Number of protein chains: 6
Amino acid sequence: MSLQVDQIIERALDEDIGSGDPGSTLLFPEEARATAVIQAKESGILAGLPVAEATFKKLAPDLIWQPKTRDGQSVSSGEVVAELKGSLQGILMGERVALNFLQRLSGIATATRRFVDAVRGLDVKILDTRKTAPGLRVLDKYAVRAGGGHNHRFGLYDGILVKDNHIRAAGGVEKAMKLLREKSPPILKIEVEVTSVCQAQEALAAGAAVIMLDNMSSADMAEAVRIIGRRALVEASGGVTLEGVREIAATGVDWISVGALTHSAKALDLSLEVVSA
Amino acid sequence: MSLQVDQIIERALDEDIGSGDPGSTLLFPEEARATAVIQAKESGILAGLPVAEATFKKLAPDLIWQPKTRDGQSVSSGEVVAELKGSLQGILMGERVALNFLQRLSGIATATRRFVDAVRGLDVKILDTRKTAPGLRVLDKYAVRAGGGHNHRFGLYDGILVKDNHIRAAGGVEKAMKLLREKSPPILKIEVEVTSVCQAQEALAAGAAVIMLDNMSSADMAEAVRIIGRRALVEASGGVTLEGVREIAATGVDWISVGALTHSAKALDLSLEVVSA
Amino acid sequence: MSLQVDQIIERALDEDIGSGDPGSTLLFPEEARATAVIQAKESGILAGLPVAEATFKKLAPDLIWQPKTRDGQSVSSGEVVAELKGSLQGILMGERVALNFLQRLSGIATATRRFVDAVRGLDVKILDTRKTAPGLRVLDKYAVRAGGGHNHRFGLYDGILVKDNHIRAAGGVEKAMKLLREKSPPILKIEVEVTSVCQAQEALAAGAAVIMLDNMSSADMAEAVRIIGRRALVEASGGVTLEGVREIAATGVDWISVGALTHSAKALDLSLEVVSA
Amino acid sequence: MSLQVDQIIERALDEDIGSGDPGSTLLFPEEARATAVIQAKESGILAGLPVAEATFKKLAPDLIWQPKTRDGQSVSSGEVVAELKGSLQGILMGERVALNFLQRLSGIATATRRFVDAVRGLDVKILDTRKTAPGLRVLDKYAVRAGGGHNHRFGLYDGILVKDNHIRAAGGVEKAMKLLREKSPPILKIEVEVTSVCQAQEALAAGAAVIMLDNMSSADMAEAVRIIGRRALVEASGGVTLEGVREIAATGVDWISVGALTHSAKALDLSLEVVSA
Amino acid sequence: MSLQVDQIIERALDEDIGSGDPGSTLLFPEEARATAVIQAKESGILAGLPVAEATFKKLAPDLIWQPKTRDGQSVSSGEVVAELKGSLQGILMGERVALNFLQRLSGIATATRRFVDAVRGLDVKILDTRKTAPGLRVLDKYAVRAGGGHNHRFGLYDGILVKDNHIRAAGGVEKAMKLLREKSPPILKIEVEVTSVCQAQEALAAGAAVIMLDNMSSADMAEAVRIIGRRALVEASGGVTLEGVREIAATGVDWISVGALTHSAKALDLSLEVVSA
Amino acid sequence: MSLQVDQIIERALDEDIGSGDPGSTLLFPEEARATAVIQAKESGILAGLPVAEATFKKLAPDLIWQPKTRDGQSVSSGEVVAELKGSLQGILMGERVALNFLQRLSGIATATRRFVDAVRGLDVKILDTRKTAPGLRVLDKYAVRAGGGHNHRFGLYDGILVKDNHIRAAGGVEKAMKLLREKSPPILKIEVEVTSVCQAQEALAAGAAVIMLDNMSSADMAEAVRIIGRRALVEASGGVTLEGVREIAATGVDWISVGALTHSAKALDLSLEVVSA
C-alpha cells in the first residue's frame, strides 16, 4: 500500500467510526476472535483486495487475510473472494469501509473489462479520465488497470491537454503550442483537443504529440486518423458507450477514453459474513 | 461550507493539481480574467453548487459566482446552472474538480428524487445507507437530502444497528439488547436487523426502537408491520429497486433504505464553457 | 487504540518533545534499558492505562508494559499500577505525557465514581456532558465510562438537543419539533430542554423522546416525572453537586448529567519512578 | 491567533460538530442573524476571549465580536464579558466549544491569580509546569500568564531539567552536568532537581543555573537558599498549596511552581444567551 | 500561491515559532506598526518574492507588501527588493522564515542563470533534477524556472526514467521497454539512461522518447547525437560544471541536466531592516 | 526517529512518488528482492544514515539495512557506507529521497567539521543558526552536531535574541531587557546583539546572559571579550569564513555561529547501486 492509499483508508475509517462503535465494543470483548468470508453476490471483475486487507489490518493488525483470488480476475455470484480470521471487533468495525472500497473498485474494473472486451482484437487502448470520485483518484485508476484499461493523465501535472477553452483564450493553437513547447517541462507530452479534421491538421502542424478527437463522427475520426498518419497519437473522446466503442476503435484511433468507467460505475455486490465467532 | 467539506475540497484540488498545471499557468497571465458558464447537458436534480463555488474560490478568492438555480431544483438539458467571472487560470484549474463534485452529487440527488417520486403520497421516507464513496460521506448524504431523501446514520457512532452477525456472535437478540440498553449511550436509538416476522417479534420484545426488515417479501413485511403495530419504527432494506419501491412502501413500513442512491448513482452530465476571456 | 486516540497521543508527544529532548538523548545511549513503575500517590479510580501504554510505545515500540490493575478499578496510595521495561530514553521522554493522560483520566473516573456511588440503588444513570477539554472528548468520555457513568451525546451530530435558545428563535417548541421530526435524520433522538413543569408538558406533547429539566427544584422535577409518566425519558441537569445528587435521583428522573465530571475534575496524583537502569 | 492555536480551535470544532448539527441547520435559515451575550456566572479572572472570538469566526467569518473586558481582568457574577452579533447558526454551533475554551482558561487564570495574590509583596514568581491538558499546552500556559503567573519550560526542548531519574541513571550529578555542559545547546539553561541541602550544594558545584528544591521543608529550603547565595536561581516545587505558598515564598526562593494551576483547575462558570434572533 | 506552497510556508513558520516568540510579543504591543526593507547584500537573480510575501501575510494579513523588482530579475548589492509596512510583531516573527525562502530560491535562480548564460546562443535547455531539498521541490523547481532553466520531471510520476538499475534487473533495455510501452500510462514519455553510444542505439531501437547520456565524453555524446538523428530527444547528465557546460552543449544534445542547481546552490545574501517603528 | 523526522520523511516520499512510480512497479513484481550499496563518491563526513534507513523502511518494512559506518565518521571516495537487502521496488522508489537526505546532511556535517577543525585546540564552540532549509531544521541541526558543531536556538521559542531591530523599536537595550527579565519565561536565556564595544558594555549592564558581537573586527571583539570578563557568554557572528574563523576564535569568544553551515552547504556526492537483483 502506498502512503497515499494508507491515508485514504485512515480517513475512510475515521469517517465511519468517528467517536466509536458502541455496538461492537459493548457486545464483544476485545479478545473475541472470529472467521468471516467475503463473497461475491453477482459476477464481475474484482479489484481492491489489498485495500480491503489494509482496511481490516488498520483495526486488527494481527488479522489473517486469505485471498481466494486476485485483483483483475473475474468472479461469479456466490464465490468466496477472501477469508478473514481475527478480532471480531475489528472485522465488524471494518466491514462497511472495506466493502465500500471493494464494491466501488470492482464496479470500475467490471465496467472497464466490458469496454476492453468490446474492442478485443483491435489495436486500441481503453483509457480512463480525470472524472473520478474526489479524493479517490489513485484507487479509481488502479481499478481501471485491474479491469485491463490504461490510465490517462493522473492530474493536471503529468501531461498537458490543450482544450478548446485554452486555444480560444490563447489566440489559436499555433500560438499556444509555441509557448508550451518553449516553456513547459519538456518531459511532458502535449495533447491537443480538436473537434474537426481541419483542427486536427492544425494541431499536428503545431507539434501535438497526441490529438484528441472530441465528439466527432466515426467517418471524421477515420479521416483524421488517415491524415495524421501516425505522426501523432490519436485519442477518441466524448460520450463513448459500450455499444458504440467498437465502431470508434475501427477508425484506427490509438486510445479511447471513457469517463463513465469512473464517474458512473455501478458497485459490484459483495457481502461479508461472520461464519464462526 | 463546514470544515470537513473544506478539507475534502482541498484534498481534491491537491489530487488534481499536484505539482502544478503548466497548461494554464504558461498560457495565461495570472491577471487574465474570464467569464464561464456551467451548463446541464441532461435533465436531473442539481446538488453541489456551494461545493463547486467553494472549489473555485480556493483557487480564485475574488471570483464572482452567480448561481442560476438552487440545490434540489430540477434542471433540463442546456440550462445554465451557474455563471462564473474571475481569474482565467483559476477557472481552468478548478473546472474538473468542481464538475466532479457537481456531477456526482447531482447524480445522487437525481437518483434519490426518482425514488421519492415513486412513493409520493405514501407515508414513508426514502433513506440512504453507509454505502458511500470513502471520504465523501457528508457530501453524498447532503445530496440525498437535496434529492428529497432522508439520512440514515452517518457512521457507527450515531445510532446502533444490531445485525445478524452481532446477534449470532452475542448469543441471541435478547442478550445483545440487554447489554446495549444497560451500557450504550442512552441518547442513541437501537435498531435490530431481522429476516423474518418471528425475529421481528423477538426484536420488538427485546426493546428495539427500530426494526429493519432485511430482504423480506412484501407479504412478510406487511405482516411484520401489523404485528409491530407502531411500537417500533420499521425499516425495509435490501435490493430495493425503483420498480419495486412502491410495493414495499405500501406494506406500511416507515423507512425504505436504498444503497444504490450512493454506491451506484450515474453522474449527471454537466459542462463548463469559457464564454469570454 | 482507535485512530482518533492515536492522533491525540502523537500530538501530545509532539507538543512536549518538539525539536528534541537534549536531556535524555545526551545523557543516555539509545540502547540503555531501564525498569520503571507507575504508582498512585492517592486513592481513586484508575483510567487511561492503555493510553499511557500507547504513549510509551510510540517512543519505544518494544517496551514491555505490565499493568497491575485495570481501568475502572480503585487504587490506593502507594499502589503500583503498572511496570515498564524498555528504552531508558523512551521512558524518560514519555513520562510526562503518559502521566498527564493518566492523571486527567483517573481524575475524571474518580469524580464520576463518587456520583455513581451517591445514587447507588436508585434506577438512574449518571451522564457526562459536552463540557470536555477541547480535543480530548473521546478520552474524557472514556474515563466517565471507566468511572461507571454513561455518555451523553458526543457532539452536535449524534443526538438533537433543542435548547432554550433554539425554541425562542424558532418560535416555540411545537413549531421546532414539527420541523425536526420531518427533516432530521430519523435515527436521532430529539431531546428538549425545559425549565418548568408546564414546558415539560409542551415538550411531551410535541413528541420529545427525552426531556431535560434544567435547573429545576426537586419538587418540580418530581412533578414533571409524574406527569411525563414514562412517555419520554427525563434528564436532570444544571449545577448538580455530589451533595445534592441523591435528592435529584429520588425524583425519579432517568438521567442526571454533571458537567463537573469533565470540566473541573481534579487530577489523580500518580508518579513514575525508574527503579533500575 | 498563532497557527498552533488555529489548529487547536479547528480540531475542537471538528470534534464537536463532526458530520453536522442538524438541530441548528434545520431550525434556522443560513442567513438568520442574532445577538448573544456571554456572561460570567461566578467571579474570577477571565482568559481566552480571543480564542472564543476565533472559534466563532471560524463558523461565521463576518460575526461582530465586542469584548466588554480583557483577558487577565477580574469579572463578577452576572457581568457580560462579550457581545456577539452574527449568524444564528454560527453562534449556536460554536457556543459549546467557545465556552469550553473560555471556562477552562478562565479557571486556570483564576487559580493562578489566587497564588499570585497569596505571595504578593514577596520577590518570587509563580510558575506553571508541564502538567497541562494534552494538546492544549500553549493555551493553558497563556492562561497562567493572564492570571499573573510565569511560564516554566514549554516542553523538553526549551530548558533542561536533570531529575532524580536522570542523575541516578547517569551516575551522579557531576557526571551528568559535565556531559550536558559540553554537548547540549549552550543557549539552554540547565536546572537540577534536588531533595536535600547537601544535593543542592552538589548541583551548585556542578554548574546548575537553576536548582529545584523538590518537596523540601521550609527550613531546608531557607537553608538551601542561604547556601546557594544567588549563584543559581532557586525553584520550590512539589505539593504546593494555596495555604502553604506564602511560607514557601518567605524562604527566599526565586520561583514556586504549581502543577495544580493547570492539571486541577476548576472551570469558571460562564454562559451564552441569545438575546435577540 | 498554490495550496502546496501554502502548506510549506505554514510548516516553516510553525517550525520557527513553535510555542511562541516571547521576544517580539513581550517587547511590542500587538498594534505596533513598522516599515521595513529587504535588501540584497550581493548581486544575483532574485526568486521567491511571492513566497516571502505570503509568509509575512500568514502572520500579518493586512501587511502592505511593495515589491521593487520581480522574480527572475537580477539585483545588485545594496538594492532594495521589497518594502513592507505592517505589524511590527508580524515582521519580526516572519523575518527569518521569509529570508530563508528568499535566500535559498534566489541562490538557485542565480546558479541556474549562470548555466543558462554559459550556453547562450546554443539550442539547448538547462534542466534541473530531482536532487532538491526534501519537501521543497515545487519551490526549488520554481526557482530554476525563474533563473531561466527548465524543469525535468517533478517526481517518479510524471515521466519514466529507465536507469541502469532498472535495465539490469529487468533483463535488458528491449524487454523493459516492451513492458513499459504496453502497460505504462501512454501519456508519459519514457526516457532511457545509457552510458555508451552502443547503448544509445539500443535505447533508440527500443523506442525511447528521450535518451540520457550519463557521464559520457563530449566526443561520445556528439557521436550519439549524430546517430540518434533527432529520432529521440537527447539529455546530457552527470557531473556537469559551469566550466564544462558549453562544450557539452556544443555536442548537439537537447537538454543538459544539472543536479548542483538545487542540491548545492549557495544562498544569496539578503537582509531585512526595520527602517521605522 | 522522532515523530517530527518521521513526518518529514513521509512528506518527502509523497512529494517524489505522488500518484505512483510506473517505472518500478511495472518492471518488477512486488516480491522481487535485491541487494544494493550506497557509496561515497567523494570524501567527507557522513550524516543521515538513520534517516536514509527510515526512508527505505517506509516503503519496505522488512528491508535489512547494514550500515558500514556511523554518522559523524569521515568517509573516503569509493567507500561503501551501507548495504541494503530487500524489496527491489522499495529500493528503487526510495533511492532518490534517501540520497537527497543523506547528501544534504553529509554536506552540512562536512562543512561543519571543516570549521571545527579550523579552531581545534581553542576553547570555542562552532554553532549553527536558524538559516536552515524551511521544514528541515531538526535534520539540518542534527547534521551540525554530527559534524562536531553545537546547536544555537532551534527557533524563536527556546532562547531570546534581542536584535538591533528590537532594541531600536523598544527604545533602548535597558528598557527592552527590563521588560524581558520581568515577563519572559525565566528558564530562557536572553542574548543581546551588539555592533560595538560600547553596546556590549550596555548589554552586560542590562543583564544579558549572552552577548552577540555582530560583524565586529577582531580587535574590537578581543576588547569586548576582555571587558565582559566572563560575566556573560560571548558569541561572534556575521560573515564568518573558513579562512577567518581561527582569528575570530583567538579573540576569546565562547561561540562562533556560521550561517553557511546550513544555508550554503554543498551536497556530498553519494550514489546507490543495485549489486544483485
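Residues numbered from 1 in each chain as written. Chains lettered and ligands numbered in written order. Predicted model: local features only at pLDDT ≥ 70, side-chain atom pairs only at ≥ 80, totals over all residues. Heavy atoms only, no water.

### What to know about the overall build of chain A
Now for step 1: Helix and strand counts for chain A stand at 11 helices and 12 strands.
Now for step 2: Expressed as lengths along the three principal axes of its C-alpha atoms, the size of chain A is roughly 70 × 40 × 25 Å.
Now for step 3: The 277 residues of chain A split such that 63% are buried.
Now for step 4: For chain A, long-range pairs separated by at least 24 residues make up 70% of all intrachain contacts whose partners lie at least 6 apart in sequence.
Now for step 5: If you sum the accessible surface of chain A, you get close to 10,000 Å²; carbon and sulfur atoms cover 48% of it. (Helix = DSSP H or I, 4+ residues; strand = E, 2+ residues; numbered from the N terminus. Buried < 20%, exposed > 50% of the residue type's maximum accessible area, 1.4 Å probe, protein only. Contact = heavy atoms within 4.5 Å. Areas by Shrake-Rupley, 256 points an atom, 1.4 Å probe, with all protein chains shown as cover.)

### Concerning the relation of the copies chain D and chain C
Now for step 1: Take chain D, turn it by 180°, move it 0.0 Å along the axis, and it overlays chain C with an RMSD of 0.0 Å. In short, the pair behaves as if placed about a two-fold rotation axis.
Now for step 2: A shared interface surface links the copies, since 100% of the contact residues of chain D are contact residues in chain C too. (Least-squares fit on C-alpha atoms with pLDDT ≥ 70 in both.)

### A few points about unusual backbone geometry
Now for step 1: A positive phi angle, close to 55°, is found at D:Asn215, a residue other than glycine.
Now for step 2: For D:Asn215, the location among the structural elements is in the loop between strand 9 (210–214) and helix 9 (218–228).

### Comments concerning the nonpolar core
Now for step 1: Counting residues in each nonpolar core, the largest one holds 616 residues, and the members touching the most others are A:Ile256, B:Ile256, C:Ile256, D:Ile256, E:Ile256 and F:Ile256.
Now for step 2: If we ignore the near neighbours within four places in the chain, the residues touching B:Ile256 are B:Val124, B:Lys125, B:Ile126, B:Leu127, B:Ala236, B:Val240, B:Val245, B:Ile248 and B:Ala249. (Core = buried A, V, L, I, M, F, W, Y, C linked by side-chain atoms within 4.5 Å.)

### Overview of the relation of the copies chain A and chain E
Now for step 1: Least-squares fitting of chain A to chain E yields an RMSD of 0.0 Å, with the transformation described by 0.0 Å of translation along the axis and a rotation of 180°.
Now for step 2: In this assembly, 100% of the residues forming the interface of chain A have copies in chain E that are likewise at the interface, indicating an isologous arrangement.

### Observations regarding the interface of chain D and chain C
Now for step 1: Counting residues at the interface gives 58 residues for chain D and 58 residues for chain C.
Now for step 2: Around 4,900 Å² of area is buried between chain D and chain C when both sides are counted, 60% of it from carbon and sulfur atoms.
Now for step 3: Here C:Arg137 makes a salt bridge to D:Asp16, at a shortest N to O gap of 2.4 Å.
Now for step 4: In this assembly, chain D and chain C are joined by 22 residue pairs in polar contact (both at pLDDT 80 or more). (Buried area = accessible area lost by both parts, 1.4 Å probe. Salt bridge = Lys/Arg side-chain N within 4 Å of Asp/Glu carboxyl O. Polar contact = N/O pair within 3.5 Å; in protein donor to acceptor, adjacent residues only side chain to side chain.)

### Here's the deal with the pattern of salt bridges
All names here are of chain B.
Now for step 1: Evaluation of the coordinates by the stated rule reveals 89 salt bridges over all chains.
Now for step 2: Between Asp140 and Arg104 there is a salt bridge, and its shortest N-O distance comes to 2.9 Å. Here Asp140, found in helix 5 (residues 137–146), pairs with Arg104, found in helix 4 (residues 88–118); they are 36 residues apart in sequence, far enough to count as distant. With respect to class, Asp140 is no different from Arg104; both count as buried.

### What to know about the domain arrangement of chain A
The parts lose accessible area when they come together, and the size of an interface is often stated as this lost area.
Residues and elements named next belong to chain A.
Now for step 1: Partitioning chain A into structural domains gives domain 1 (3–115 + 266–276) and domain 2 (121–263).
Now for step 2: The straight-line distance from the C-alpha centre of domain 1 to that of domain 2 is 35 Å.
Now for step 3: Counting residues at the interface gives 20 residues for domain 1, matched by 21 residues for domain 2.
Now for step 4: Regarding the contact of domain 1 and domain 2, the summed buried area is about 1,600 Å², with carbon and sulfur atoms giving 73% of it.
Now for step 5: Here domain 1 and domain 2 share 1 salt bridge between them.
Now for step 6: Counting every contact that joins domain 1 to domain 2 gives 5 residue pairs in polar contact (both at pLDDT 80 or more). (Domains from an automatic or database assignment.)

### A few points about the packing of helix 3 (residues 49–59) of chain E against helix 4 (residues 88–118) of chain E
Residue and element names in this part refer to chain E.
Now for step 1: The contact between helix 3 and helix 4 brings their axes to 9 Å, and the two run at 160°. Here helix 3 is positioned roughly antiparallel relative to helix 4, judged by the angle of their axes. Once helix 3 is placed against helix 4, the crossing between them reads as right-handed. Touching Leu49, Val51, Ala52, Thr55, Phe56 and Leu59 of helix 3 are Gly90, Ile91, Met93, Gly94, Glu95, Val97, Ala98, Phe101, Leu102 and Leu105, all from helix 4. (Axes fitted to C-alpha atoms, helices over the stretch in contact; angles between N-to-C directions. Parallel < 35°, antiparallel > 145°, perpendicular 65-115°, else oblique. Left-handed = near helix turned anticlockwise from the far one by under 90°.)

### Digging into the sheet that holds strand 7 (residues 160–162) of chain A
Residues and elements named next belong to chain A.
Now for step 1: Strand order in the open sheet formed by 6 strands is 6-11-10-9-8-7, and the pairing between neighbours is parallel. Taken across any chain shown, the strands that pair with only one partner, and hence form the sheet edges, are strand 6 (125–127) and strand 7. Sheet twist, expressed as the mean angle between neighbouring strand axes with direction ignored, is 25°.
Now for step 2: Note that strand 9 (residues 210–214) and strand 10 (residues 233–237) share 5 bridges and pair parallel. Pairing of Val210 across the sheet is with Leu233, part of strand 10. (Pairing = 2+ DSSP bridges.)

### Some points on helix 4 (residues 88–118) of chain C
All names here are of chain C.
Now for step 1: The first and last C-alpha atoms of helix 4 sit 43 Å apart over 31 residues, in line with the 45 Å expected at 1.5 Å per residue.
Now for step 2: At Glu95, helix 4 shows its largest kink, close to 45°.
Now for step 3: By the criterion of burial, helix 4 is predominantly enclosed, with 29 of the 31 residues buried.
Now for step 4: One side-chain oxygen of the residue at the start of helix 4 lies 3.4 Å from the amide nitrogen of Gln89, identifying that residue as Ser87. (Expected span 1.5 Å × (residues − 1). Bend = angle between axes of the 7 residues up to and from the residue.)

### Here's the deal with the interface of chain A and chain E
Now for step 1: With 21 residues of chain A at the interface, the matching set in chain E holds 21 residues.
Now for step 2: In total, about 1,700 Å² of surface goes out of reach between chain A and chain E, with carbon and sulfur atoms giving 63% of it.
Now for step 3: By the criterion of area lost to chain E, the three top residues of chain A are A:Pro186, A:Ile187 and A:Lys189, representing 42% of everything that side buries.
Now for step 4: Scanning the region where chain A abuts chain E turns up 0 salt bridges.
Now for step 5: Elements supplying a minimum of two residues to the side of chain A that touches chain E: strand 6 and helix 7 (173–183) of chain A.
Now for step 6: Residue contributions to the side of chain A that touches chain E peak at 3 residues, all from helix 7 of chain A.
Now for step 7: A per-class count over the side of chain A that touches chain E returns 8 nonpolar, 5 polar and 8 charged. (Nonpolar A, V, L, I, M, F, W, Y, C, P; charged D, E, K, R; others polar.)

### Describing the sheet that holds strand 7 (residues 160–162) of chain F
One key point about sheets: their strands pair by backbone hydrogen bonds, in either a parallel or an antiparallel sense.
Residue and element names in this part refer to chain F.
Now for step 1: If you walk across this open sheet you meet the 6 strands as 6-11-10-9-8-7, and the pairing is parallel. Two strands close off the open sheet at either side, each with one partner strand: strand 6 (125–127) and strand 7. In this sheet, adjacent strand axes meet at a mean angle of 25° when their direction is disregarded.
Now for step 2: The strands touched by helix 7 (residues 173–183) within the sheet are strand 7 and strand 8 (190–194), with strand 8 carrying the most contacts at an inclination of about 170°.

### Quick word on the arrangement of the chains
Now for step 1: The smallest C-alpha distance separating chain A from chain D is 8 Å, and no contact links them.
Now for step 2: A gap remains between chain C and chain E, with no contact made and the closest C-alpha atoms lying 8 Å from each other.

### Things to note about the packing of aromatic side chains
Now for step 1: One pass over the full model with this rule turns up 9 aromatic pairs over all chains.
Now for step 2: When the ring centre of B:Phe154 is taken as origin, the NZ or CZ atom of B:Lys141, which lies over that ring, is 5.0 Å away. (Phe/Tyr/Trp six-rings, centres within 6.5 Å; stacked < 30°, edge-to-face > 60°. Lys NZ or Arg CZ within 6 Å of the ring centre and 35° of its normal.)

### Observations regarding the environment of F:Asp214
Now for step 1: By the element assignment, F:Asp214 lies in strand 9 (residues 210–214).
Now for step 2: Expressed as a C-alpha distance, the spacing of F:Asp214 and F:Ile8, which sit 206 residues apart in the sequence, is 33 Å.

### So, the pairing of strand 9 (residues 210–214) of chain E
Residues and elements named next belong to chain E.
Now for step 1: Within strand 9, 5 of the 5 residues are buried, leaving the element largely enclosed by the surrounding structure.
Now for step 2: Residues Val210, Met212 and Asp214 of strand 9 are buried on one face, and the alternating residues Ile211 and Leu213, pointing to the opposite face, are buried as well.
Now for step 3: Direction of pairing for strand 8 (residues 190–194) relative to strand 9: parallel, over a ladder of 4 bridges. When the bridges of strand 9 are listed, Val192 appears paired with Ile211.
Now for step 4: In terms of handedness, the path from strand 8 via helix 8 (residues 197–205) over to strand 9 forms a crossover that is right-handed.
Now for step 5: For the crossover that starts at strand 9, traverses helix 9 (residues 218–228) and ends in the parallel strand 10 (residues 233–237), the hand is right-handed. (Right-handed = clockwise from strand over helix to strand, strands pointing away.)

### Points about the side chain of C:Glu235
Residues and elements named next belong to chain C.
Now for step 1: Mapping Glu235 onto the fold places it in strand 10 (residues 233–237).
Now for step 2: Although Glu235 is buried, it forms no salt bridge, and the closest oppositely charged side chain is Arg153 at an N-O distance of 8.2 Å.
Now for step 3: A distance of 2.8 Å separates a polar atom in the side chain of Glu235 from a polar atom in the side chain of Ser257.
Now for step 4: Among all residues touching Glu235, those that are not within four sequence positions of it are His152, Glu191, Val210, Ile211, Met212, Leu213, Trp255 and Ser257. (Lys, Arg positive; Asp, Glu negative; His and termini not counted.)

### Regarding helix 1 (residues 3–17) of chain D
Now for step 1: Taking 1.5 Å per residue, 15 residues should reach 21 Å; helix 1 of chain D reaches 21 Å between its end C-alpha atoms and fits that length.
Now for step 2: Buried within helix 1 of chain D we find D:Val5, D:Ile8, D:Ile9, D:Ala12, D:Leu13, D:Glu15, D:Asp16 and D:Ile17.
Now for step 3: Among the structural elements, helix 1 (3–17) of chain B, helix 5 (137–146) of chain C together with helix 3 (49–59), helix 4 (88–118) and helix 5 (137–146) of chain D are those in contact with the buried residues of helix 1 of chain D.

### Some thoughts on the environment of A:Ala260
Now for step 1: Among the secondary structure elements, A:Ala260 is positioned in helix 11 (residues 260–263).
Now for step 2: Along the backbone, A:Ala260 and A:Ala205 are 55 residues apart, and their C-alpha atoms lie at a distance of 32 Å.

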